[in-house]
Amino acid sequence: MKEINILVVGTHIEIMATILRLLNNKPGWQGTGASTLPEVTKLAKEQKFDVVLIGAGITEDDTLHINQTFQEIPVVLHYGGGSGLLYAEVYLALNITPE
């Protein structure tokens, strides 16, 4: 199975840590976090991502910038709700069936 690379963008460090822990505990998934637009831009140049999750603290203008940066991949607004919802958002964005 191909590894799924997920960029998580948000400004709340504690929430980010939880999301990354959940993503990275899923076999074949690799989560990377960014809390600022300069970090997002840098990571976009360095890595290929399959999906971007936008979390708490990101403005509408920042979301527009992120959508422009990642035009070729799904960008999902993540509002929380537990691990089941988090995983479902990734599965749905990538049009894959849960294992």
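Refer to the structure presented above.
About the thresholds
- Each chain carries its own residue numbering, running from 1 in the written order of its sequence.
- Owing to the predicted nature of the model, reporting of local features is limited to residues with pLDDT of at least 70; listing and counting of side-chain atom pairs is limited to 80 or more, with chain, interface and lining totals taken over all residues.
- Each side-chain value is derived from all of the structure's non-hydrogen atoms; neither hydrogens nor water enter the calculation.
- By the criteria applied, helices consist of DSSP H or I runs no shorter than four residues and strands consist of E runs no shorter than two, each listed in order from the N terminus.
- What the globule rule says is 2.2 Å times the number of residues to the power 0.38, and the radius of gyration is computed from C-alpha atoms.
- Residue burial is assigned from relative accessible area. The probe radius is 1.4 Å, only protein chains are included, and a residue is buried under 20% of its type maximum, exposed over 50%, and partly exposed in between.
- A contact between two residues is defined here by any heavy atoms of the two lying within 4.5 Å.
- In this description, accessible areas are obtained by the Shrake-Rupley approach with a 1.4 Å probe, and a residue is regarded as covered only by the protein chains that are shown.
- Between any two strands, pairing holds if DSSP finds at least two bridges.
- Crossovers are marked right-handed if the path from the first strand over the helix to the second runs clockwise, as seen with the strands pointing away from the viewer.
- In this count, Lys and Arg are taken as positive residues and Asp and Glu as negative ones, while His and the chain termini are left out.
- Each reported salt bridge corresponds to a side-chain nitrogen of Lys or Arg within 4 Å of a carboxyl oxygen of Asp or Glu.
- Pairing of N or O atoms within 3.5 Å defines a polar contact, subject to two protein rules: one partner must be a possible hydrogen donor and the other a possible acceptor, and residues neighboring in sequence count only if both atoms are side-chain atoms.
- Convention adopted: a line fitted to C-alpha atoms gives each axis, helices being fitted over their contacting stretch, and angles between N-to-C directions are expressed from 0 to 180 degrees.
- In this scheme, roughly parallel covers angles under 35 degrees and roughly antiparallel covers those over 145, while 65 to 115 is roughly perpendicular and the rest are oblique.
- Two helices cross in a left-handed way if the nearer one is turned anticlockwise from the farther one by less than a right angle. They cross in a right-handed way if the turn is clockwise.

Draft legend 1. Molecular detail of the overall build of the chain. Summing up its helical and strand segments, the chain has 4 helices and 4 strands in all. Helices (α) and strands (β) of the chain occur, in sequence order from the N terminus, as β-α-β-α-β-α-β-α. The C-alpha atoms of the chain give 12 Å as radius of gyration, which agrees with the globular expectation for 99 residues (13 Å, within 12%). The principal-axis extent of the C-alpha atoms belonging to the chain is close to 35 × 25 × 20 Å. Counting every position in the chain, which comprises 99 residues, the buried fraction comes to 37%. Contacts spanning at least 24 positions in sequence make up 62% of the contacts within the chain whose residues lie at least 6 apart. Working note: accessible area of the chain is about 5,800 Å², and carbon and sulfur atoms make up 56% of it.

Draft legend 2. Fine view of the pairing of strand β1 (residues 4-9). Among the 6 residues of β1, 6 are classified as buried, and the element is accordingly described as predominantly covered. In this sheet, strand β2 (residues 29-34) lies alongside β1 in parallel orientation, the contact comprising 6 bridges. Paired with I6 across the bridge in β2 is G31. Between the parallel pair β1 and β2, the chain is carried across by helix α1 (residues 13-24), and the sense of this crossover is right-handed. Where β1 meets strand β3 (residues 51-54), 4 bridges bridge the pair, whose relative direction is parallel. Considered in β3, the bridge of V8 is made with L53.

Draft legend 3. A look at the side chain of E89. Relative to the helices and strands, E89 resides in helix α4 (residues 83-94). No salt bridge is formed by the buried E89, whose closest oppositely charged neighbour, K26, lies at an N-O distance of 13 Å. There is a polar contact of 2.4 Å between the side chain of E89 and the side chain of H78. Once you skip the residues sitting within four places of it in the chain, E89 turns out to touch L53, V76, L77, H78 and Y79.

Draft legend 4. Structural context of the packing of α1 against α4. Where α1 contacts α4, the two axes come as close as 11 Å, and the packing angle between them is 65 degrees. As summarised for this structure, α1 and α4 are arranged roughly perpendicular, according to the angle between their axes. As for how α1 packs across α4, the hand of that crossing is right-handed. Of the residues in α4, those in contact with I19, L22 and L23 of α1 are S83, L86, Y87 and V90.

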